[in-house]
Amino acid sequence: MQKISDIGDSVNCKKTRISDSLKDLAPRRVALLFGAGVSYPSPTSLPLANAFLSTIWEALVIGLKATWENIPIPVKPDSWPQFELLLDELSSVRRGLVSRLLQPYKHIAPNKNHEILAYLGELGCSLITTNFDANVEEVLRNRGTSTAAIASINDCRKFDKFSNRVRLLKLHGCINSPNTIVCSYSDLTRRGRSPSPTGLSIPRYSALMKALENRMCFVLGYSGSDKLDIIPALKALPGKQIVWIQHSSEECTLQDVEAHIRRLSKKTKNNSWYDITFSADTTKFLELLLSCIDSNANVHDPIDSPIPDVRESILATCKCLSGDEILFALTRILFCSGNIQQSLNFLDHASGYEIPSRVRFTIEENLIRFRYTDREKITALKKLQSRLVPPVPTWVVSRINLDIADIHDSLGEYRKAQNASSHAIKFAEKSGDQTLVLDAKVLHAIILGRLGKNKKSIELYLSLIPSLKRQGRGRDLAEVYHNLGCQYAIRNDYDIALYCFKQAQRCWKFCGDEAQYLCSQLNQANCLFHTECINDARCLLNKVLKIVSQRDGLMSVRIQALILKGHDLCIRLVNWDEGLAILRKCTSIMLELPEAIHQLPNYIETIQRMISYLESGGTELGAVRNRYILSLRQNLSNLGFQGMDRVMHVSE
């Protein structure tokens, strides 16, 4: 009997009962979501993500040897950065490089998986894919079947109008329409200006929900790595019936599948957001499914055809890169994969060669950023500017001033930070680099807020939002909305602050940053407390606490939530004893965990505020008030030198 295994992110949900057997499934009740794995078998033979990325690395190393013979070749990354993240970096190396790397997807032959999928589509099954290739469409076209490959936003909006054809929903676009391809995080952000609750743009999300409506969804040849758009959409599917097939060489019989379905349908608890997962050969499973739906089906193996040499195509494409572009690409891959030290060593060797000014400056800037303390960085950056051959480009002066402003800000020297950020804005505008202008203005707005120039800070933030939306800078937009919310909260405009935090939450969700998404919810809860919407605030706070208690790696958010919970229980006279117990728990966590110490200032401020509240005599606690004041002071005492030592240790 095959093992049940878990291949995705586990989150608690109620079990959806699946009572159907494969033999009872009508085509109109089946959806097939398939990924790159179905295009891996011969004669299609498209590489999977790691093989694709590994070949790119090989091509860059070959180019590096040809340009600079004496630069040591960097070691291959221990773990590859995510596919979409790497494609983002390659996009920044040279315009159009990614589209050229994807060209092999155009010239490939269909395999047996595509033949079966096309047949199932003709019978009425819903076809959904994350693939760019057009193999299923080619099979249908060869059969003379009317097909609708729904790849663009406009196609998704007209999803229902294609009901007379076999519909293939291509969530990440199609190689035959390059402008529809979504293969990087920046693509997703730029094309999702009106995101659905899951990160997909609203038209794509609506089309996906219609394609899955009232159907059992079989997931095949798909890794589940699209955590920004596809996986959240599947998690949000109402009344979902998801069966995930993990490819293996194991045989798969009808009795095996039905046994899994019958046994798991009896369970009342399921810790995965999908329903069933089991191992099976992808092609064998498709054959089995087809035989259950149409016992007369007879799909022949595809005729042998030349297998495309995708590796050679990638190597040839990367030959067009110049030496400095190769250097930049290799360095970014190392950075993205977490090999910071290896990347720095590589930069050290490269800095001795004749490299174009922009790349040389980037190398020197990165070395300064990682090699010096904050005070030393300021001196090193000024020396770097003085060493450059005049006239120094305006974008360089802007970048140096931006770095210096950022350092002064981190040191709490806000006046100096304001002067440096003003210079950064001036030179960025002269350079015409709009990305640099936005970066400088965002930092300047933050510094104005720290200096108490609330009105100017808000005005600058509001002026930045349209430009950030146009450029599709989701993370920056989220931070701007967050900072706007903080500024409005300082002015006690909690209704407007609440709106800003909600906008920040939407942006963080779209960027796939769960920690910041939950922090936005905590900020909303805080605003609701201040506007006396106590029940709504507690509901939201308890929701966040429930999530963070089930996740690893969210300790910082958990502490923020506990501080807010303890403050609420005490100040609103709900239960001082329970509230103080929660705050004592926060004290012990912050002293034990390095990643938690950054919450110390917020925590101390909360405790001091509570002590002031008690000492003012504005409570009905009577004689126990002094005991609670003593308990809070004990908390501060426990942090005391230990906490300060920890802060100093972390900052070093």
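Caption draft 1: Local environment of the overall build of the protein chain. From N to C terminus, the protein chain includes 28 helices and nine strands. Buried positions account for 54% of the 652 residues belonging to the protein chain. Sequence separation of 24 or more characterises 70% of the internal contacts of the protein chain that already satisfy a separation of 6 or more. Put simply, the protein chain shows about 30,600 Å² of open surface, and 49% of that area lies on carbon and sulfur atoms.

Caption draft 2: Expanded view of the environment of alanine 525. Position of alanine 525 among the secondary structure elements: in helix α23 (residues 514-530). Through-space distance from the C-alpha of alanine 525 to that of phenylalanine 501 is 9.9 Å; in sequence the pair is 24 residues apart. In contact with alanine 525, not counting residues within four places along its chain, are Ala537, Leu540, Leu541 and Leu564.

Caption draft 3: Structural view of the side chain of arginine 215. Position of arginine 215 relative to the elements: it lies in the loop between α8 (202-212) and β6 (216-220). We note that arginine 215 is buried and unpaired, the nearest opposite charge coming from glutamate 213 at a distance of 7.8 Å. A distance of 2.9 Å separates a polar side-chain atom of arginine 215 from the backbone oxygen of valine 30. There is a polar contact of 3.5 Å between the side chain of arginine 215 and the backbone oxygen of alanine 211.

Caption draft 4: Spotlight on helix α24 (residues 534-548). Taking 1.5 Å per residue as the helical rise, α24 with its 15 residues ought to reach 21 Å, and the 21 Å between its terminal C-alpha atoms agrees with that figure. Buried within α24 are the following residues: Ile534, Ala537, Leu540, Leu541, Val544, Leu545 and Val548. Relative to the axis of α24, the buried residues are bounded by an arc of 135° and lie together on one face. Exposed residues lying more than 90 degrees from the buried face of α24 are Asn535, Cys539 and Lys546.

Caption draft 5: Spatial organisation of the nonpolar core. Grouped together as the largest cluster of nonpolar side chains are 50 residues, with contacts concentrated most on Val480, Leu484, Leu518, Leu522, Leu541, Val544 and Val557. When residues no more than four places from it in sequence are discounted, the contact partners of leucine 541 are Leu522, Ala525, Phe529, Ala561, Leu564 and Lys565. Counting 39 residues, the second largest nonpolar core, distinct from the first, contains Leu101, Phe132, Cys183 and Ile326.

Caption draft 6: Focus on the packing of aromatic side chains. Inspection of the entire model under this criterion finds two aromatic pairs. Relative to tryptophan 244, the ring of tyrosine 222 has its centre 5.7 Å away and its plane inclined at 15°; by these criteria the two rings are stacked. Of this pair, tyrosine 222 sits in the loop between β6 and α9 (230-235) while tryptophan 244 sits in strand β7 (residues 242-247), and the two are 22 residues apart along the sequence.

Caption draft 7: Broad picture of the confidence of the model for the protein chain. Per-chain confidence: the protein chain averages 76 in pLDDT, with 75% of residues scoring 70 or above. The lowest-confidence element of the protein chain is strand β1 (residues 13-14), averaging 32 in pLDDT; the highest-confidence one is strand β3 (residues 126-129), averaging 94. Note that pLDDT drops below 50 for residues 1-19; the model gives that stretch 59 contacts with residues more than four away or on any other chain. Here residues 266-273 is a poorly scored stretch, pLDDT under 50, and it has 23 contacts once near neighbours within four places are set aside; other chains count.

Caption draft 8: Region of interest: the packing of helix α19 (residues 434-450) against helix α20 (residues 454-471). In contact at an axis separation of 9 Å, α19 and α20 are set at 150° when each is read in the N-to-C sense. As judged from the angle between their axes, α19 and α20 are roughly antiparallel. Our pair here, α19 against α20, has a crossing hand that is left-handed. Listed contacts from α20 to Gln434, Thr435, Leu438, Lys441, Val442, His444, Ala445, Ile446, Leu448 and Gly449 of α19 are Lys456, Ser457, Leu460, Tyr461, Leu464, Ser467, Leu468 and Gln471.

Caption draft 9: Geometry of helix α4 (residues 112-123). The end-to-end C-alpha distance of α4, which contains twelve residues, comes to 17 Å, matching closely the 16 Å that a straight helix rising 1.5 Å per residue would cover. Of all the twelve residues making up α4, ten are buried; the element is thus mostly covered by neighbouring parts of the structure. For α4, the elements touching its buried residues are β2 (30-34), β3, α5 (135-142), β5 (166-170) and α11 (282-293). At the N-terminal boundary of α4, the capping side chain belongs to asparagine 111, with an oxygen 2.9 Å from the backbone nitrogen of asparagine 113. Glycine 124 sits one or two residues past α4 and shows a positive phi near 120°.

Caption draft 10: Local environment of the pairing of strand β4 (residues 147-150). Taking every second residue as pointing to the same face, the buried face of β4 carries Ala148 and Ile150, while none of Thr147 and Ala149 on the other face is buried. Summarising the sheet, β4 and β5 pair through four bridges and their orientation is parallel. Directly across from alanine 149, in β5, lies its bridge partner leucine 168.

Caption draft 11: Quick peek at the packing of helix α16 (residues 374-387) against helix α17 (residues 394-410). One can describe the packing of α16 onto α17 by two numbers: an axis separation of 10 Å at closest approach and a directional angle of 165°. When the axis of α16 is compared with that of α17, the two are roughly antiparallel. As for how α16 packs across α17, the hand of that crossing is left-handed. The segment α16 lies against α17, with Asp374, Lys377, Ile378, Leu381, Lys382 and Gln385 engaging Val397, Ile400, Asp403, Ile404, Ile407, His408 and Ser410. Considering only residue class, the contact of α16 with α17 consists of six nonpolar, three polar and four charged.

Caption draft 12: Representation of the pairing of β2. Counting buried positions over the five residues of β2 gives five, a clear majority of the element. Taking every second residue as pointing to the same face, both faces of β2 are buried, with Val30, Leu32 and Phe34 on one and Ala31 and Leu33 on the other. As defined by bridge partners, β2 adjoins β6 across five bridges and the pair is classed as parallel. Bridging across to β6, phenylalanine 34 finds its partner in leucine 220. Relative to β3, β2 runs parallel, the two being bridged by four bridges. Bridged to leucine 32 within β3 is leucine 127.

Caption draft 13: Spatial organisation of the pattern of salt bridges. In the structure shown here, the tally under the stated rule is nine salt bridges. Salt-bridge contacts for glutamate 122 lead to arginine 143; the nearest nitrogen and oxygen are separated by 2.8 Å. Residue glutamate 122 is found in helix α4, and its partner arginine 143 is found in the loop between α5 and β4; the two are separated by 21 residues along the sequence. The partly exposed category is assigned to glutamate 122, whose relative accessible area is 34%. Of the residues examined, arginine 143 reaches a relative accessible area of 33% and is grouped as partly exposed. In this structure, glutamate 137 engages lysine 170 in a salt bridge whose closest nitrogen and oxygen atoms are separated by 2.8 Å. Residue glutamate 137 is found in helix α5, and its partner lysine 170 is found in strand β5; the two are separated by 33 residues along the sequence. The class of glutamate 137 is buried, set by a relative accessible area of 7%.

Calculation criteria
- Residues numbered from 1 in each chain as written.
- Predicted model: local features only at pLDDT ≥ 70, side-chain atom pairs only at ≥ 80, totals over all residues.
- Heavy atoms only, no water.
- Helix = DSSP H or I, 4+ residues; strand = E, 2+ residues; numbered from the N terminus.
- Buried < 20%, exposed > 50% of the residue type's maximum accessible area, 1.4 Å probe, protein only.
- Contact = heavy atoms within 4.5 Å.
- Areas by Shrake-Rupley, 256 points an atom, 1.4 Å probe, with all protein chains shown as cover.
- Lys, Arg positive; Asp, Glu negative; His and termini not counted.
- Salt bridge = Lys/Arg side-chain N within 4 Å of Asp/Glu carboxyl O.
- Polar contact = N/O pair within 3.5 Å; in protein donor to acceptor, adjacent residues only side chain to side chain.
- Expected span 1.5 Å × (residues − 1).
- Arc of directions from axis to C-beta.
- Core = buried A, V, L, I, M, F, W, Y, C linked by side-chain atoms within 4.5 Å.
- Phe/Tyr/Trp six-rings, centres within 6.5 Å; stacked < 30°, edge-to-face > 60°.
- pLDDT = per-residue confidence, 0-100.
- Axes fitted to C-alpha atoms, helices over the stretch in contact; angles between N-to-C directions.
- Parallel < 35°, antiparallel > 145°, perpendicular 65-115°, else oblique.
- Left-handed = near helix turned anticlockwise from the far one by under 90°.
- Pairing = 2+ DSSP bridges.
- Nonpolar A, V, L, I, M, F, W, Y, C, P; charged D, E, K, R; others polar.

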